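# Results of the structural survey
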Amino acid sequence: MELIHITVDGVERECEKGTVLEAVAKDRQKDYSCDIVLAMVDGKLSELTKVLNEDCDIKFIGTDTVCGIETYRRSVVLLMIKSFYIVCGEENIEKLLVDYSLSKGYYCELYGKVRISEELLRRVKEHMERLVEQNVPIVKETLSTRDAVERFRRHKMYDKEKLFKFRRGSNVNVYRINRFEDYFYGYMVPSTGYLKYFDLYCYDEGFVLQLPVKENPSVVPEFKPQHKVFNVLKEASAWGRMMDIETVGALNEQISEGKIKDIILVQEALQEMKIARLASDILNRKDTKFIMIAGPSSSGKTTFAKRLSIQLTAHGMKPHTISVDDYFLNRCDTPRDENGDYNYEILEALDVKLFNEDMTNLMEGKEVEIPTFNFHTGKREYTGKTLRLGVEDILIIEGIHCLNDRLSYSLPKESKFKIYISALTQLNVDEHNRIATTDGRLIRRMVRDARDRSTTAEETIARWASVRKGEENCIFPYQEEADAMFNSALIYELGVLKQFAEPLLFNVPVDSPQYQEAKRLLKFLDYFLTVDTELIPANSLIREFIGGSVFYR
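Residues numbered from 1 in each chain as written. Predicted model: local features only at pLDDT ≥ 70, side-chain atom pairs only at ≥ 80, totals over all residues. Heavy atoms only, no water.

### Quick notes on the packing of aromatic side chains
Counting across every chain of the model gives 22 aromatic pairs. Ring centres of Tyr-107 and Tyr-203 lie 6.3 Å apart, and the angle between their planes is 85°; this geometry places the pair in the edge-to-face category. Note that Tyr-107 is positioned in strand 9 (residues 105-112) and Tyr-203 in strand 13 (residues 199-203), a separation of 96 residues in sequence. Each member of the pair, Tyr-107 together with Tyr-203, is buried. For Lys-160, the ring lying beneath its charged end belongs to Phe-184, and the centroid distance is 5.9 Å. (Phe/Tyr/Trp six-rings, centres within 6.5 Å; stacked < 30°, edge-to-face > 60°. Helix = DSSP H or I, 4+ residues; strand = E, 2+ residues; numbered from the N terminus. Buried < 20%, exposed > 50% of the residue type's maximum accessible area, 1.4 Å probe, protein only. Lys NZ or Arg CZ within 6 Å of the ring centre and 35° of its normal.)

Dropping the structure here:
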């Protein structure tokens, strides 16, 4: 028996050569508060099915981490799809779509000879639970890209066939439960026995696969419908179907056939039409004096506010823009987070009392001197910028807390028109691999930060968890209170951002804690063909991130 030396979470030990990583994980599981699903082996992310044949350093990853919980959720999707095909019969399913994130889960649609019902979901869930009890292996097989195309054509998974047509890599990893196989973008757990937490709910014309989150990975959260967000996503998906661009493969096909210019023009026209409609809705609310705009990082709030201002001006109004950031407390008075860092994400970082005094005075027709926050000195300054609101004047106020009435407690409800803006990606990698909206926003921010703030991709990725925490606490709980929602995602944008993001991501050092995330994003961007930036209009929202915007010259 040949032994090898391994270091597991800092502790040295010996094990037999040829040991499967999962066996080592089971020995360590008692020391973890959540399920181990992945490992870092000599700094490389690995599945638990990896065979150990030489000395190595191992650090296990649980479902309380981002990559751990994503591995879990991805594996449950495979389990669910497999169960649908068994319960319904492959001949009765035309397509099962995993569309987008909704209420901590995924909204899905089923097409074919069967219809979603409570009874069908009960049977599918029972089949999933049986497979969990049986602890069936999830087997990975590496195929040539050509073989993968032929195999998924036989399975009638034509979106995957189209995706692989544009794949540069020579191999594709396919995962299998018993005889059912599928392609997934990312790692999987070793077997179905890991997949104990999930639920299925009927919703609208489809259903939601509800899944745990990393903050509480052994509990399925309550399903809370988000009707307004859902309707925006549904509208975007319908537009994608109308244009026959639901997946990356379909987008690449349009680019390769020289049709992208028309797609850009139609998409931009659609956004402008929606902004014009918003302006009309605001004007129809006669008492509106304050347009409150909020959305997560890199949603394009600034460009959206400028384009909305143009539409309002065209209707005879006089819009003025105010950033809530200018009402930050002086840095010395700013609250700190649990790490001792200044916390600019919370409402308490703002001088809410002064903001309400100024807004109330403006509503009463008084002249007000508006402050400017100097981010270099960390102090609020007054530079003579005054404002008085007349009959045609209207304020556009932008900030992460704008949907929270605690920010504007002194203003009458009828005086406020609240808009939630986010980049809600309508594109999927293929029918079973969705694109997280957070990935699109992270890539947007990375490109903009490098251009405007000389920030590296490594630094942007490192800060992203903190940014996301602020969004979860300060924005998402209030999104359903908006009077209107605007989806700033452009169906073609990742083909544009790719050429700016890739050099930044390649520059992340191999020994950096952010390297694995950079590597994941590079693999993701590799799916896309590039889009010529010369085709992008000067007022496009994506110009806020790549440069060349008419609003910033």
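### Things to note about the sheet that holds strand 13
The four strands lie next to each other as 8-9-14-13, forming an open sheet whose pairing is antiparallel. Single-partner strands in this sheet number two, and they are strand 8 (93-102) and strand 13. When strand polarity is set aside, the average angle formed by the axes of neighbouring strands in this sheet is 30°. Of the strand pairs in this sheet, strand 13 and strand 14 (residues 206-210) are connected by five bridges, and their pairing is antiparallel. (Pairing = 2+ DSSP bridges. Axes fitted to C-alpha atoms, helices over the stretch in contact; angles between N-to-C directions.)

### What to know about the layout of surface pockets
Here the second largest pocket defines a volume of roughly 360 Å³. Around the second largest pocket, the lining comprises 18 residues; the ones closest to its centre are Glu-235, Lys-274, Met-485, Phe-486 and Asn-487. For the lining of the second largest pocket, the elements supplying multiple residues, two or more each, are helix 6 (227-242), helix 8 (260-284) and strand 25 (484-487). The greatest single-element share of the lining of the second largest pocket, amounting to eight residues, is contributed by helix 8. Residues of the lining of the second largest pocket, tallied by class, amount to 10 nonpolar, four polar and four charged. (1 Å grid on protein atoms, 1.4 Å probe; cavity = no way out; pocket = protein on both sides within 12 Å on 5 of 7 lines; lining within 4 Å. Points joined across faces, edges and corners; volume = space filled by probe spheres on them. Nonpolar A, V, L, I, M, F, W, Y, C, P; charged D, E, K, R; others polar.)

### Comments concerning the pattern of salt bridges
A complete count under the given rule lists 49 salt bridges for this structure. Residues Lys-104 and Glu-472 are paired through a salt bridge, measuring 3.5 Å at the closest nitrogen-oxygen approach. Note that Lys-104 is positioned in the loop between strand 8 and strand 9 and Glu-472 in helix 12 (residues 457-474), a separation of 368 residues in sequence. A relative accessible area of 37% places Lys-104 in the partly exposed class. As a salt-bridge pair, Asp-449 and Arg-445 come within 3.4 Å of each other at their nearest N and O atoms. Of this pair, Asp-449 and Arg-445 are both found in helix 11 (residues 437-453), four residues apart, which corresponds to roughly one turn of the helix. On the accessibility criterion, Asp-449 (2% relative accessible area) is buried. Residue classification places Arg-445 among the buried positions, given a relative accessible area of 14%. If you follow the salt bridges from partner to partner, you end up with Lys-104, Arg-441, Arg-468, Glu-471 and Glu-472 in one network. (Salt bridge = Lys/Arg side-chain N within 4 Å of Asp/Glu carboxyl O.)

### Section: the sheet that holds strand 12 (residues 180-183)
Pairing within the open sheet is antiparallel, and its three strands lie in the order 10-11-12. Each edge of the open sheet carries a strand with a single partner, namely strand 10 (138-144) and strand 12. If you compare each strand with its neighbour and ignore which way they point, the axes differ by 35° on average. Pairing of strand 10 with strand 11 (residues 171-177), which is carried by seven bridges, proceeds in the antiparallel orientation. Along strand 11, the bridge assignment pairs Ser-144 with Asn-171. Against the sheet, helix 2 (residues 66-88) makes contact with strand 10, strand 11 and strand 12, and its axis sits at roughly 135° relative to strand 12, the strand it touches most. Against the sheet, helix 4 (residues 145-154) engages strand 10, strand 11 and strand 12, with an angle of about 115° to strand 10. (Contact = heavy atoms within 4.5 Å.)

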